[in-house]
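Spelled out from the first residue to the last, the chains are:
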Amino acid sequence: MNKERLIPLIVASALFMENMDSTVIATSLPAIAADIGTSPLTLKLAITSYLLSLAVFIPASGWTADRFGARAVFSIAIGVFMIGSIGCALSQSVTHFVIARIIQGLGGAMMTPVGRLVLLRSIDKSALVSAMAWMTVPALIGPVIGPPLGGFITTYFSWHWIFLINIPIGCLGIYLALRFIDPIRSEDPERFDLLGLVLAGVGLAGIAFGLSVAGLNLLPWPIVAALVGIGTVSMTLYVIHARRTASPVLDFSLMRLVTLRAAIIGGFLFRLGIGALPFLLPLLMQVGFGLSPFQSGMVTFGSAVGAMGMKTLAARIIRAFGFRNVMTVNAVVSSVFLAACALFTVTTPLMLILIILVVGGFFRSLEFTAINTVAYAEVETAQMSRATTLVSVNQQLSISAGVAIGAFSVESTMLMRGMTELSAADFAPAFLVVSVISAASAWFFWQMPDDAGHEISGRKVIDIASRRGEAKAAVKAASEGTADARDQKLG
């Protein structure tokens, strides 16, 4: 297997492990809580502590990879995540479990951005679309198969195994990384921005943790607002600080790049809406339709089928139509399939639901591949570590915000209807709200130039420019006609 496929699959093994783990635990939470002697509500601290750890440590990932080498940091991050997984399996109390999840978060904070950095530094830009497609599919499958797998393992075996299955996957990932990934590191690593890390860490932790807690209904709204407020103030101070330092941990100056700016802003809106789907859909299936966690997981598996179908076509589609056209139109199409979930009722045939999820999964996965790829179209090699850190932070915040907005929409609908218990009718407005937010991303993608990312899509600039009108074709025809006439005279 060539490196354009092998390296993305190595990186994807880590992302698969991380994404599956975060969804499996949600399904198995009641069983874990009963076993260690606490309530499921209290144990939700395990989810929020993981997100908090991610938010704090992601800003340090870029500098760490430059200083110690992306391959070494990526391999160590997998090892740290495995240690945290073992700690979760051996936990006997809430305290032990939360500490283990924080360790997992430390590993996850390095795995995602550094893994993407490994890919960017190992694969030529001309093959980047295909490589991103191969990396995206396994990473997307994890959250989809997580719920049914977690329900199956917890029901028929023991919840401990949902963490221990990470060990063979992690060992394989470390071996393949050390065997096939080149030890690339920065020749001149920048000075570490400790003050920036503290300000950004507090800011991101406050915002991400506050939004995540809001989605879980774990704390009163005034406390949630205070957390988000503190995070916002800290991030504001960080922005002021970043303008005065030469090596900020989050380099917002990269937003001057048109393609990266579109991927950051447009990608945030798109992921915010789509990120609410894994939160809303299982609740609708289980609470609204009365399906078991295992049945619900099997229905939502349709998204993974669509994602797998995309991997062989993404590069061809983007090459044929260009990043701007694909991302603009596909953002709207993906949002339509997201809004279609609002039409699901108890009487809707499961086969129809499955078809909508399969087709929607194809378009969503195509959009993710395009966003993740075009973000680095204009980024120079020396700036790759900063860019991957910025993109990873943006993704984390968008997912947290998506869950919070989805939960807030459902709760608001309940209040307006005067209901105290959740029902299927409470979910329709939430799906419509998040679909509108996702569709709004199309405007930012349309602001990119026609030839955005042509170096990595394989699409020729002249082919893109020719669509602006027939002027060039007319000039070419006139030139050929003049040449023919001249040849005839000379003859």
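Here the structure is a predicted model, which means the values were calculated and not measured.

Draft legend 1. Up close: the overall build of the protein. Within the protein, the secondary structure is distributed over 23 helices and zero strands. For the protein, the proportion of its 491 residues judged to be buried stands at 55%. As displayed, the protein offers around 20900 Å² of accessible surface, 68% of which is attributable to carbon and sulfur atoms.

Draft legend 2. Seen up close, the side chain of Arg101. Tracing the backbone shows Arg101 in helix H6 (residues 94-122). Given a relative accessible area of 1%, Arg101 falls into the buried group. Other than its neighbours up to four places away in sequence, Arg101 contacts Asp21, Ile25, Ala46, Ile47, Ser49, Tyr50, Cys88 and Phe163.

Draft legend 3. The nonpolar core, seen in detail. Formed by 133 residues in total, the largest nonpolar core has its most connected members in Ile32, Phe97, Phe163, Leu250, Tyr376 and Phe431. By residue number, the principal contributor to this core is helix H1 (residues 3-36), which donates 15 residues.

Draft legend 4. Region of the structure containing the packing of helix H5 (residues 70-90) against H6. Taken N-terminus to C-terminus, the directions of H5 and H6 make an angle of 155°; their axes are 7 Å apart at the nearest point. On the basis of the axis angle, H5 is roughly antiparallel to H6. Crossing hand, H5 versus H6: left-handed. In terms of residue class, the contact of H5 with H6 is built from 17 nonpolar, seven polar and two charged.

Draft legend 5. Main features of the environment of Ile405. Position of Ile405 among the secondary structure elements: in helix H19 (residues 384-417). Taking the relative accessible area as the measure of exposure, Ile405 reaches 25% and is therefore partly exposed. Remark: the alpha-carbon pair of Ile405 and Val433, spanning 28 residues in sequence, is separated by 8.5 Å. Excluding residues within four positions of it along the chain, Ile405 makes contact with Leu272, Val433, Val434 and Ile437.

Draft legend 6. Fine view of the packing of helix H17 (residues 323-339) against helix H18 (residues 350-374). With their axes 9 Å apart at the nearest point, H17 and H18 run at an angle of 145° to one another. Seen from above, H17 lies across H18 with left-handed handedness. In this structure, H17 uses Phe323, Val326, Met327, Asn330, Ala331, Val333, Ser334 and Phe337 to contact H18, whose residues at the interface are Ile356, Val359, Gly360, Phe363, Arg364, Leu366, Glu367, Ala370, Ile371, Thr373 and Val374. Its residues assigned to classes, the contact of H17 with H18 comprises 13 nonpolar, four polar and two charged.

Draft legend 7. Examining the packing of aromatic side chains more closely. Throughout the structure, instances matching the rule amount to nine aromatic pairs. Aromatic pair Trp159 and Phe163: ring centres 6.3 Å apart, planes at 85°, arrangement edge-to-face. Ring geometry for Tyr238 against Phe252: centres 6.1 Å apart, planes inclined by 70°, an arrangement best described as edge-to-face. On the criterion of sequence distance, the pair formed by Tyr238 in helix H11 (residues 221-242) and Phe252 in the loop between H11 and helix H12 (258-275) is long-range, its members being 14 residues apart. The exposure class assigned to Tyr238 is buried, which follows from its relative accessible area of 0%. For Phe252, a relative accessible area of 33% puts it in the partly exposed group. Put simply, the rings of Phe97, Trp159 and Phe163 pair up and form one aromatic cluster.

Draft legend 8. Inspection of the pattern of salt bridges at higher detail. Counted according to the given criterion, the structure contains three salt bridges. In this structure, Asp251 and Arg386 form a salt bridge, with 2.6 Å as the shortest nitrogen-oxygen distance. Separated by 135 residues along the polypeptide, Asp251 in the loop between H11 and H12 and Arg386 in helix H19 bring together distant segments of the chain. The class for Arg386 is buried, based on a relative accessible area of 14%. Note that Arg417 is salt-bridged to Asp426, the shortest N-O span being 2.6 Å.

Draft legend 9. Broad picture of a nonpolar patch on the surface. Taken together, the side chains of Phe152, Tyr156, Phe157 and Trp161 present a nonpolar region at the surface, about 520 Å² in accessible area. Checked against the element boundaries, Phe157 lands in the loop between helix H7 (128-156) and helix H8 (161-164).

Draft legend 10. Region of the structure containing the confidence of the model for the protein. Chain-level pLDDT for the protein is 79 on average; 82% of the residues reach the 70-or-more range. Contacts of residues 461-491 to residues separated by more than four positions or lying in other chains number eleven contacts, the stretch itself having pLDDT below 50.

Draft legend 11. Highlighting the side chain of Ser392. Structurally, Ser392 is set in helix H19. Overall, the relative accessible area of 3% leaves Ser392 in the buried class. A distance of 2.9 Å separates a polar side-chain atom of Ser392 from the backbone oxygen of Thr388. The residues touching Ser392, leaving out its near neighbours within four places in the chain, are Ile58, Thr112, Pro113 and Arg116.

Draft legend 12. Quick peek at H17. Here H17 is 17 residues long and its end C-alpha atoms lie 24 Å apart, about the 24 Å a rise of 1.5 Å per residue gives. Listing the buried residues of H17 in full gives Phe323, Arg324, Asn325, Val326, Met327, Thr328, Asn330, Ala331, Ser334, Ser335 and Leu338.

Draft legend 13. Highlighting the environment of Val326. The residue Val326 is located in helix H17 in this model. The spacing of Val326 and Leu366 is 40 residues in sequence and 8.7 Å in space, taken between C-alpha atoms. If near-sequence neighbours (up to four positions away) are discounted, Val326 is found in contact with Ile317, Ile318, Phe321, Ala331, Leu366 and Glu367.

Draft legend 14. Region of the structure containing the environment of Leu6. Tracing the sequence through the fold places Leu6 in helix H1. Linking Leu6 and Phe180, residues 174 residues apart in sequence, is a C-alpha distance of 8.2 Å.

Definitions and cut-offs
- Residues numbered from 1 in each chain as written.
- Predicted model: local features only at pLDDT ≥ 70, side-chain atom pairs only at ≥ 80, totals over all residues.
- Heavy atoms only, no water.
- Helix = DSSP H or I, 4+ residues; strand = E, 2+ residues; numbered from the N terminus.
- Buried < 20%, exposed > 50% of the residue type's maximum accessible area, 1.4 Å probe, protein only.
- Areas by Shrake-Rupley, 256 points an atom, 1.4 Å probe, with all protein chains shown as cover.
- Contact = heavy atoms within 4.5 Å.
- Core = buried A, V, L, I, M, F, W, Y, C linked by side-chain atoms within 4.5 Å.
- Axes fitted to C-alpha atoms, helices over the stretch in contact; angles between N-to-C directions.
- Parallel < 35°, antiparallel > 145°, perpendicular 65-115°, else oblique.
- Left-handed = near helix turned anticlockwise from the far one by under 90°.
- Nonpolar A, V, L, I, M, F, W, Y, C, P; charged D, E, K, R; others polar.
- Phe/Tyr/Trp six-rings, centres within 6.5 Å; stacked < 30°, edge-to-face > 60°.
- Salt bridge = Lys/Arg side-chain N within 4 Å of Asp/Glu carboxyl O.
- Patch = residues over 30% accessible without salt bridge, like charges linked within 9 Å, V, L, I, M, F, W, Y side chains within 5 Å.
- pLDDT = per-residue confidence, 0-100.
- Polar contact = N/O pair within 3.5 Å; in protein donor to acceptor, adjacent residues only side chain to side chain.
- Expected span 1.5 Å × (residues − 1).

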